[in-house]
Amino acid sequence: MVAGQYILPQLFRSQLNYLLRRGWQCAPLSSIVEKSQSEKHPSSNEFAITFDDGYSSVYKYAVPEICRRKITATVFVVAGAIGRINEWDYKIGDRQESIMSAQQVREISDIGLEIGSHTLTHPHLTSLDDQALNRELIDSKHKLEDIIGKEVIGFSYPYGDYDERVIAATAAAGYKYAVSTKLGTTARANVYEIPRVNVRWSAVGQLLMRKIARARQISE
Ligand SMILES: [Zn+2]
């Protein structure tokens with residue numbers, strides 16, 4: 001999390017309502033990724049919601065809104081920080097935020113949200129040696145699978161930091177897709193470089209639509 005990346009609960013609500021009212025359909029990220037690989041023209045008005053890190057605030061504010069609308073989201077959890085705080089940001093001066101407990105992660109998985117991994121300790125993956133890289137990828141996957149009792153197939157690169165070696169290790173660890181922080185849509189995306197639209201506090205209404213239009217242009 002970075003300054004300017006927090007959004008208020010009412011803004012999240014209005015962004016969701018805005019998209020749904022305009023006929024957008026929320027789908028699980030894994031199914032959108034799967035479709036983007038198999039169809040020539042995946043439905044262009046489908047979107048997936050993702051959250052990185054696994055903050056308690058997501059459990060408290062966003063999950064009820066998601067459930068109320070009977071839609072879903074994917075939460076990429078820093079597995080080694082479960083029940084703790086955002087040490088990786090806090091130590092460089094960001095505010096302290098709590099991360100969901102194992103019970104909360106299990107609960108949101110049970111009600112239909114998808115749980116992905118966001119490593120064990122939120123490092124810059126390209127700076128790790130092979131052994132440490134594999135530990136972050138594999139141990140976090142197993143830890144989350146033990147908690148939710150399901151396979152974890154999605155991964156999110158901390159800081160959007162990855163290269164060819166990281167991609168190869170991510171695939172070898174058994175993940176089926178990984179998300180980056182680059183702007184774009186799933187059309188024609190490599191499954192280990194799925195782009196996203198970073199929804200900031202300022203992106204609402206027409207501004208949000210403009211950002212989505214830019215993402216589409218990039219992915220065309
Ligand atoms: Zn993160």
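Here goes a summary of the coordinates provided. In this text the structure is predicted, and so the values were computed from the model without any measurement.

Turning to the overall build of the chain, a few remarks are in order. Regarding its fold elements, the chain presents eight helices and eight strands. What you see for the chain is a C-alpha radius of gyration of 16 Å, in line with the 17 Å of a compact globule of 220 residues. Taken along the three principal axes of its C-alpha coordinates, the chain extends 45 × 35 × 35 Å. Relative to its full complement of 220 residues, the chain shows a buried share of 34%. Long-range contacts, defined as pairs at least 24 residues apart, comprise 61% of the intrachain contacts of the chain with a sequence gap of at least 6.

Let us now look at the pairing of strand β5 (residues 114-117). The alternating pattern of β5 places Glu114 and Gly116 and Ile115 and Ser117 on opposite faces, both of which are buried. The pairing of strand β4 (residues 74-77) with β5 spans four bridges and is classified as parallel. Within β5, the position partnered with Val75 by the bridge is Ile115.

Along the polypeptide, Asp163 turns up in the loop between β6 (154-156) and α7 (164-172). Linking Asp163 and Thr126, residues 37 residues apart in sequence, is a C-alpha distance of 6.6 Å.

Summarising the sheet, strand β3 (residues 50-53) and β4 pair through four bridges and their orientation is parallel. Residue Phe51 lies in a different strand from β4, and its bridge partner there is Val75. Between β3 and its parallel partner β4, the chain crosses via helix α3 (residues 56-68), and the hand of that crossover is right-handed.

Time to look at helix α5 (residues 102-110). Every buried residue belonging to α5 is among Gln104, Val105 and Ile108, and all of these are buried. For α5, the angular spread of buried residues about the axis comes to 100°, placing them on one side. Exposed positions of α5 whose direction lies more than 90 degrees from the buried face are Gln103 and Asp110. Buried residues belonging to α5 abut α3, β4, β5 and α6 (130-148).

Calculation criteria
Residues numbered from 1 in each chain as written. Predicted model: local features only at pLDDT ≥ 70, side-chain atom pairs only at ≥ 80, totals over all residues. Helix = DSSP H or I, 4+ residues; strand = E, 2+ residues; numbered from the N terminus. Rg over C-alpha atoms; globule rule 2.2 N^0.38 Å. Buried ≥ 20, exposed ≤ 12 C-beta atoms within 10 Å, placed from the backbone. Contact = placed C-beta atoms within 7 Å. Pairing = 2+ DSSP bridges. Right-handed = clockwise from strand over helix to strand, strands pointing away. Arc of directions from axis to C-beta.

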